[in-house]
Amino acid sequence: MARRNENGVTIRAVAQRAGVSAMTVSNVLNGAGRASAATVETVRAAIAELGYVPNLAARRLAKSRATTVGLLYSDRRTPFLDAVLVGALRATNAQGLQLLLRDGEGSSRAEAERMAQDLVRSGADALLLIPPFAEQLSGSTVLEELGVPLAAIATGTALADVITVRIDNRGAMRALTRDVIAAGHRRIAYVAGPDHYSVVGARLEGFLEALRAAGLAEEPDLIVRHGAFDYASGETAARQLLALPSPPSAIICSSDDLAAGVVAEANRQGLQLPGQLSVTGFDDTVLASRLWPPLTVVRQPVEDMAYRAAQCLIAALGKTGSDVSDEIFDHTIVTRASIAPHRTSEPLS
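Cut-offs applied
Residues numbered from 1 in each chain as written. Predicted model: local features only at pLDDT ≥ 70, side-chain atom pairs only at ≥ 80, totals over all residues. Heavy atoms only, no water. Helix = DSSP H or I, 4+ residues; strand = E, 2+ residues; numbered from the N terminus. Buried < 20%, exposed > 50% of the residue type's maximum accessible area, 1.4 Å probe, protein only. Contact = heavy atoms within 4.5 Å. Salt bridge = Lys/Arg side-chain N within 4 Å of Asp/Glu carboxyl O. Core = buried A, V, L, I, M, F, W, Y, C linked by side-chain atoms within 4.5 Å. Pairing = 2+ DSSP bridges. Axes fitted to C-alpha atoms, helices over the stretch in contact; angles between N-to-C directions.

A. Representation of the overall build of the protein. When helices and strands are tallied, the protein shows 14 helices and 12 strands. When burial is assessed residue by residue, the protein has 55% of its 349 residues classed as buried. Partitioning the intrachain contacts of the protein with sequence separation of at least 6 by distance along the chain shows that 74% fall at a separation of at least 24.

So, in structure tokens, the structure goes:
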């Protein structure tokens, strides 16, 4: 629900009457931002006309500068999430701010909106998002009603209404796939992950671009989509792919957790890795270097990206309006022992 007073008047209604954004109304209510005297007077007139009375949370915020950053995350604990938390804590601690957490499944836009509203009601003055929440909230009318700045990390693309900090996912996966092809592999499978993450589409595009550039055909039976970026989904994908009449010699995975599941299932079936099956991951979490064989991966600096996104939010606190930016960090291909030359490879035509 939108923030309402006892008469049911929303901040958005005040904003529409005053001809300004909901964030501007929120800043006027909180005594923050850099609104002109004329804008402040217009907002106050609209408040008086509509009879809007700030709720207790708004009154509390009006007495002091914003001090809390809220983080929306999936309730599945992963090495990726651990890196996000470390980066966000580094940034907020350095500025003396608090980090407020809210977890959930993130299965729908409605749930993402409810979680964001809960965080703001609990005192969050800015929101840090990780997939899939950024994609679900982008374009939502709830964002304007919240009246707080938002930043997201590790999205597949830029978002029009959210600050984004990411890598070039398509280019990164294209480069990793080229390395697998250069090792002589021709029948290459791909484990994509859940479709509602924007990185899934971007990484799949990079994989397919590398195949086309090498003159290799896209084979639908070698592309597996699953509902999660987790270990169990990797095991399931490996069972499906290794049961094919002509199984792949390499499996490229869209996350380290998926790759770990693939490695486990391949070992369970008695395959020699990487001699009989090469496997790659994505992210370079601590898991990637602790598997055997250790994974060749795309490394995205998740902790540094979270730190930078939190910095952007801190800079946005107290400003009028929303300056949306898109920052692209460098990625790295980390080569380890999980790729081996394919023994029976044929030259490319």
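B. View of the side chain of Thr280. Following the sequence through the fold, Thr280 ends up in strand β9 (residues 278-283). By relative accessible area, which is 1% here, Thr280 ends up buried. Leaving out residues up to four positions away in the same chain, Thr280 has contacts with Leu176, Val180, Ile251, Ile252, Cys253, Ala259, Thr296 and Ile339.

C. Highlighting the pattern of salt bridges. Following the criterion strictly, the structure yields 19 salt bridges and no others. For the salt bridge of Arg268 with Glu235, the shortest nitrogen-to-oxygen distance reads 3.1 Å. A residue pair is termed long-range when its members are at least 10 positions apart, and Arg268 in helix α12 (residues 256-268) and Glu235 in helix α11 (residues 231-242) qualify at 33 residues. Across the pair Asp284 and Arg336 runs a salt bridge, and its minimum N-O distance is 2.9 Å. Note that Asp284 is positioned in the loop between β9 and α13 (286-290) and Arg336 in the segment after β12 (332-334), a separation of 52 residues in sequence. The partly exposed category is assigned to Arg336, whose relative accessible area is 22%. It is possible to trace a salt-bridge network through shared partners that takes in Glu111, Arg114, Asp118 and Arg121.

D. Broad picture of the nonpolar core. By size, the foremost hydrophobic cluster in this structure holds 75 residues, and its most contacted members are Leu128, Ile153, Phe207 and Val279. Of all the elements, helix α14 (residues 302-316) adds the most residues to this core, at 7 residues. In contact with Phe207, not counting residues within four places along its chain, are Met173, Arg174, Thr177, Ile188, Ala189, Tyr190, Ile223 and Ile252. The next biggest cluster of nonpolar side chains, apart from the first, holds 20 residues, and it includes Leu119, Leu143, Leu146 and Val162.

E. Local environment of the sheet that holds strand β3 (residues 126-129). As summarised here, the arrangement of the 6 strands in space is β2-β1-β3-β4-β5-β11, forming an open sheet in which the pairing is parallel. Of all strands in the sheet, those bounded by a partner on one side alone are β2 (98-104) and β11 (326-329). Neighbour-to-neighbour, the strand axes of the sheet open up by a mean angle of 20°, direction not taken into account. By the bridge criterion, 4 bridges tie strand β5 (residues 163-167) to β11 in an arrangement that is parallel. The partner of Ile167 across the bridge, within β11, is Phe329.

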